[in-house]
Amino acid sequence: MDNAEDRRPKSEDQVLMNKTENRKPKTENRVLLSHGAGGKEMATLIERVFLNCYGPPDYAGDDSATLELGAHRLAFTTDSFVVAPLFFPGGDIGRLAVSGTVNDLLTAAARPLVLSASFIIEEGLEIEVLSRIAASMERAAREARVAIVTGDTKVVPKGSADKLFITTAGVGLVLREGVSGGAVRPEDRIILTGSVGDHGAAVMLAREGLLEGAALKSDVAPLTELIIQLLEAGLEVHAMRDPTRGGIAAALNEIARQSGVSMEIREDEVPVNPGVAAVCEALGLDAFMVANEGKMLIFVAPWDADRALALVRQNPYGREARIIGEVRSGPAGRVTVRTVIGTARILDAPSGELLPRIC
Amino acid sequence: MKYIDEFRNKDLVQGIIRRLGDLAAPALIMEVCGTHTMAAARFGLKSLLPAPVQLVSGPGCPVCVTDQYDLDKFLALGEQPHTVLASFGDMLRVPGSHTSLEKQRAQGADVRFVYAPLDAVDWARREPDKQVVFFGVGFETTMPTTALAVKTAAAAVLDNFTLFCVHKTMPGALGALLAGGEVKVSGLLLPGHVTTIIGSQAYEFIPREFGVSCAVTGFEPLDMLLGVEAILRQLRGGRPRVDNVYRRAVQVQANPRARALLDEVFQPSDALWRGLGVIPGSGVKIRGDYAKFDAQARFAPILAQVPPPPPSACRCGEVLRGVLHPQDCPLFDKACNPSQPLGPCMVSSEGACAAAYRYER
């Protein structure tokens with residue numbers, strides 16, 4: 001609470017609340033699972049702890065940092081993968097570890113070059129499992145046109161980790177400068193490269209052993225070809241973001257805040273696979289808040305929107321791409337949805353964990 | 001998706017809106033169920049209704065109506081060794097007086113979330129060295145599933161499964177709310193899910209005793225607008241009754257299998273509601289044959305030590321009675337938000353404040 005707020009006369013409610021506050025034990029200051037769910041709590045944690053200590057002064061809030069190196073500009077990013085189960089319909093932790101970092105590099109309009117891969121392995125994991133995951137990483141890296149050039153291996157005692165955690169870092173060569181979540185402008189069209197919620201829904205079902213036969217598949221994929229093609233065509237792309245944890249709701253809200261713009265999304269333009277829609281209805285989840293691992297939100301100037309959409313659709317990972325909405329000037333950070341019945345409502349950034357509801 | 005898309009059809013919605021325009025008269029309609037509250041906010045229904053027709057949320061979010069003292073007692077069991085606190089996910093972030101399930105879990109308590117209450121029985125069976133306590137929250141919709149869990153635990157002769165029963169029944173609460181007369185509602189959108197279990201007959205006393213129009217309503221935009229239309233037609237005709245506009249799921253009679261299961265495991269009892277106080281006959285407790293599965297009895301000495309909740313600034317009680325709109329609460333979006341909730345209505349997936357915060361700010 002800042003000083004200005006402190007000086008305000010306190011209402012009875014506030015006084016009461018402060019009393020309650022004082023009684024709270026220290027448990028307030030522990031990391032909760034919601035701090036890792038990709039929503040508001042995570043943003044707060046990052047700000048309060050990490051940026052507070054070592055954040056770069058020009059931190060933009062993008063998924064990759066970009067750095068000058070001689071005549072070139074490099075993109076640099078890292079990501080950790082802790083998915084359970086290790087294998088799920090449509091992919092595995094290895095393919096995820098390559099795709100996640102590659103897609104983060106692509107959001108900086110960079111051509112991914114090299115990756116590192118570090119493994120934290122729980123004692124007792126079958127070597128055959130590790131080999132299958134390594135082979136999957138090799139295939140994904142080949143598809144993404146990157147080389148895995150360095151890495152690290154640690155084994156921890158049983159119970160100290162859940163089977164396997166992977167951290168990848170990546171370096172890419174920036175092809176177009178200035179593509180950033182902060183560079184979106186009013187009138188920009190918002191292209192979504194395909195259906196939402198597939199990864200999160202598939203993993204949740206695999207983990208809980210629910211609704212077997214629902215036949216959901218994760219969308220996990222590296223989008224190198226799709227994005228590079230778009231950049232090489234010289235189209236005016238202002239920003240890109242892969243809507244992972246927190247889904248498109250988190251990604252759109254982040255960018256609206258970064259760029260100080262508002263957005264309007266048309267609900268009926270956002271593709272949701274029937275299986276994902278069914279899971280979300282049954283469990284009370286919002287598909288807009290469920291994770292994707294092979295999708296991109298692309299903000300493009302209105303005059304290039306149709307050409308960009310046509311190009312994206314030529315790629316196998318972009319066949320279902322749509323223009324789902326557009327950017328408006330202010331109020332900054334506000335994302336609204338035009339619902340299927342024609343009304344308007346807020347699309348808020350998710351908060352807390354994704355949990356099934358009571359009924 | 002079948003039975004969903006048809007009920008979100010824009011043209012049909014427009015058609016009803018035109019009819020509502022012709023019927024419009026001043027009416028305060030309470031949507032009783034938390035799922036109605038969420039659906040109304042998510043689809044922006046309030047903006048479609050003719051101006052004199054207003055929607056207000058009622059006491060239908062099961063997590064929200066759970067009394068603070070009950071929640072504190074359940075949370076206190078998390079400090080016992082070898083104890084698993086099992087709950088529906090909605091409860092995760094609901095603030096008790098000093099902690100929440102989410103915070104307890106971070107401190108090392110064994111907190112787990114079920115998809116169905118039978119999950120908790122499974123855990124008890126597989127982990128005989130643990131005491132699994134399931135927090136039985138919810139209305140008639142969820143009660144049969146907990147009744148089944150208790151029966152299953154009994155059949156398996158488990159002595160490490162208990163139910164912390166804070167279930168509530170809907171008709172009694174509505175009666176108490178209307179008898180209180182604090183809010184002058186002209187109609188009730190009755191909860192479709194609950195009514196699949198108890199049948200629409202359970203509400204016949206409402207038009208009879210209180211002269212309030214009722215419509216049993218589903219949860220898609222079209223369902224809810226049809227419910228509003230039914231109520232406006234009743235108001236125009238001057239003959240309040242219980243209409244059922246959720247016929248694809250709800251019948252006049254109770255679901256006999258569910259009813260039998262409830263009667264076997266539970267018996268009516270008084271219940272303590274957040275915001276409404278003790279309402280006679282509006283809850284259930286575990287029947288004699290199954291009494292050994294009653295967590296409040298088994299852990300009575302521990303629960304007796306839990307102090308009553310300290311005063312709180314939270315005004316969820318008024319929100320649940322329909323007296324206070326979430327946005328009119330001085331804490332809304334200031335001291336209270338989904339990341340730092342002061343009360344359950346802000347974090348439950350069916351809470352009125354959560355709906356207003358998420359969709360209507």
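Caption draft 1: Quick peek at the overall build of chain A. The helix and strand inventory of chain A stands at 10 helices and 14 strands. Put simply, chain A has 359 residues, and 44% of those count as buried.

Caption draft 2: Spatial organisation of the overall build of chain B. Tallying secondary structure elements over chain B gives 16 helices and 11 strands in all. For 361 residues, the compact-globule formula gives about 21 Å, and the C-alpha radius of gyration of chain B, at 20 Å, lands near that figure. Seen along its three principal axes, the alpha-carbon backbone of chain B occupies a region of about 65 × 45 × 40 Å. Across the 361 residues that make up chain B, the buried fraction comes to 55%.

Caption draft 3: Geometry of the sheet that holds strand 4 (residues 110-114) of chain B. All names here are of chain B. Taken together, 4 strands build an open sheet; the order of strands is 4-3-5-6 and the sheet is parallel. Of all the strands in the sheet, the pair left with one neighbour each is strand 4 and strand 6 (161-165). Adjacent strand axes in the sheet meet at a mean angle of 25 degrees when their direction is disregarded. Bridging between strand 5 (residues 131-136) and strand 6 involves 5 bridges; their strand directions are parallel. Counted as the bridge partner of valine 132 is phenylalanine 161 from strand 6. Helix-sheet contacts for helix 4 (residues 68-77) involve strand 3 (83-88), strand 5 and strand 6, and the interaxial angle to strand 3 is about 140 degrees.

Caption draft 4: Spotlight on the interface of chain B and chain A. At the junction of the two partners, chain B supplies 46 residues and chain A supplies 40 residues. Listing elements by their share of the side of chain B that touches chain A, those giving two or more residues are helix 1 (10-23), helix 2 (34-42), helix 3 (62-65), helix 5 (101-106) and helix 16 (352-359) of chain B. Ranked by residue count, the leading element in the side of chain B that touches chain A is helix 5 of chain B, at 3 residues. The residue inventory of the side of chain B that touches chain A, partitioned by class, reads 23 nonpolar, 13 polar and 10 charged.

Caption draft 5: A look at the packing of helix 4 (residues 93-106) of chain A against helix 5 (residues 127-144) of chain A. Residues and elements named next belong to chain A. Interaxial distance between helix 4 and helix 5 falls to 7 Å at its minimum, and their mutual angle equals 30 degrees. In terms of orientation, helix 4 and helix 5 fall into the roughly parallel class. Judged by the twist between their axes, the crossing of helix 4 over helix 5 is right-handed. Facing Ile93, Gly94, Arg95, Ala97, Val98, Ser99 and Val102 of helix 4, the residues of helix 5 in contact are Ile133, Ala134, Ser136, Met137, Ala140, Ala141 and Ala144. Classifying every residue of the contact of helix 4 with helix 5 gives 10 nonpolar, 3 polar and 1 charged.

Caption draft 6: Expanded view of the pairing of strand 3 of chain B. Residue and element names in this part refer to chain B. Burial of strand 3 is extensive: 6 of the 6 residues sit out of reach of the surface. On strand 3, burial covers both faces: Thr83, Leu85 and Ser87 on one face and Val84, Ala86 and Phe88 on the other are all buried. Of the pairings in the sheet, the one linking strand 3 to strand 5 comprises 4 bridges and is parallel in character. Considered in strand 5, the bridge of alanine 86 is made with phenylalanine 134. Where strand 3 and strand 4 come together, 5 bridges link them in parallel fashion. Pairing of valine 84 across the sheet is with aspartate 110, part of strand 4. A crossover connection joins strand 3 to the parallel strand 4 through helix 5; in handedness this β-α-β unit is right-handed.

Caption draft 7: Looking closely at the domain arrangement of chain B. Looking at chain B, the domain boundaries give domain 1 (2-59 + 180-187 + 197-244), domain 2 (64-169 + 254-303) and domain 3 (316-355). Centre-to-centre separation of domain 1 of chain B and domain 2 of chain B, based on C-alpha positions: 32 Å.

Caption draft 8: Quick look at the pairing of strand 8 (residues 189-192) of chain A. All names here are of chain A. Both faces of strand 8 are covered, namely the face carrying Arg189 and Ile191 and the face carrying Ile190 and Leu192. Pairing of strand 8 with strand 11 (residues 297-300) involves 4 bridges; the strand directions are antiparallel. Bridging from a neighbouring strand, isoleucine 190 pairs with phenylalanine 299 of strand 11.

Caption draft 9: Quick peek at the sheet that holds strand 12 (residues 322-329) of chain A. Residues and elements named next belong to chain A. If you trace the 7 strands from one edge of the open sheet to the other, you get 9-11-8-12-10-13-14, paired in mixed fashion. Each edge of the open sheet carries a strand with a single partner, namely strand 9 (237-241) and strand 14 (344-346). Here the strands of the sheet are splayed against their neighbours by 25 degrees on average, with no regard to which way each runs. Relative to strand 10 (residues 261-266), helix 8 (residues 247-259) is tilted by about 150 degrees, and along the sheet it contacts strand 8, strand 9, strand 10, strand 11 and strand 13 (335-338).

Caption draft 10: Broad picture of unusual backbone geometry. Residues and elements named next belong to chain A. The peptide bond linking alanine 84 to proline 85 adopts the cis configuration, its omega dihedral lying at 0 degrees. Each neighbour pair has its own omega, and for glycine 330 with proline 331 the value is -10 degrees, a cis peptide bond. Following the sequence through the fold, proline 331 ends up in the loop between strand 12 and strand 13. One non-glycine residue, lysine 163, adopts positive backbone phi at about 65 degrees. Mapped onto the elements, lysine 163 comes out in the loop between strand 6 (147-156) and strand 7 (164-174).

Caption draft 11: Representation of helix 6 (residues 118-126) of chain B within the structure. Every buried residue of helix 6 of chain B is accounted for by Ala120(B), Val121(B) and Ala124(B). The buried residues of helix 6 of chain B all sit within an arc of 100 degrees when viewed along its axis, so they share a single face.

Caption draft 12: Expanded view of helix 6 (residues 198-208) of chain A. All names here are of chain A. Burial runs high along helix 6: 8 of the 11 residues are buried. Burial in helix 6 covers these residues: Asp198, His199, Gly200, Ala201, Ala202, Val203, Met204 and Leu205. Where the residues of helix 6 are buried, they touch strand 3 (87-88) and helix 9 (274-283).

Caption draft 13: Representation of the environment of Leu49(B). Residues and elements named next belong to chain B. Residue position: leucine 49 is located in the loop between helix 2 and strand 2 (53-57). On the neighbour-count criterion, leucine 49 (21 C-beta atoms within 10 Å) is buried. Spatially, the C-alpha atoms of leucine 49 and methionine 346 are 25 Å apart, while their sequence positions differ by 297 residues. Not counting chain neighbours up to four residues away, the residues in contact with leucine 49 comprise Leu20, Leu55 and Val228.

Caption draft 14: Structural view of the packing of helix 7 (residues 143-155) of chain B against helix 12 (residues 256-265) of chain B. Residue and element names in this part refer to chain B. Contact geometry for helix 7 and helix 12: axes closest at 9 Å, N-to-C directions at 55 degrees. Classified by the angle their axes make, helix 7 and helix 12 are oblique. Considering how the two elements wind past one another, helix 7 and helix 12 form a crossing that is left-handed. Across from Met143, Pro144, Ala147, Leu148, Val150 and Lys151 in helix 7, the residues of helix 12 making contact are Ala258, Leu261, Leu262 and Val265. Grouping the amino acids of the contact of helix 7 with helix 12 by side-chain chemistry returns 9 nonpolar, no polar and 1 charged.

Definitions and limits used
- Residues numbered from 1 in each chain as written.
- Chains lettered and ligands numbered in written order.
- Predicted model: local features only at pLDDT ≥ 70, side-chain atom pairs only at ≥ 80, totals over all residues.
- Helix = DSSP H or I, 4+ residues; strand = E, 2+ residues; numbered from the N terminus.
- Buried ≥ 20, exposed ≤ 12 C-beta atoms within 10 Å, placed from the backbone.
- Rg over C-alpha atoms; globule rule 2.2 N^0.38 Å.
- Pairing = 2+ DSSP bridges.
- Axes fitted to C-alpha atoms, helices over the stretch in contact; angles between N-to-C directions.
- Contact = placed C-beta atoms within 7 Å.
- Nonpolar A, V, L, I, M, F, W, Y, C, P; charged D, E, K, R; others polar.
- Parallel < 35°, antiparallel > 145°, perpendicular 65-115°, else oblique.
- Left-handed = near helix turned anticlockwise from the far one by under 90°.
- Right-handed = clockwise from strand over helix to strand, strands pointing away.
- Domains from an automatic or database assignment.
- Arc of directions from axis to C-beta.

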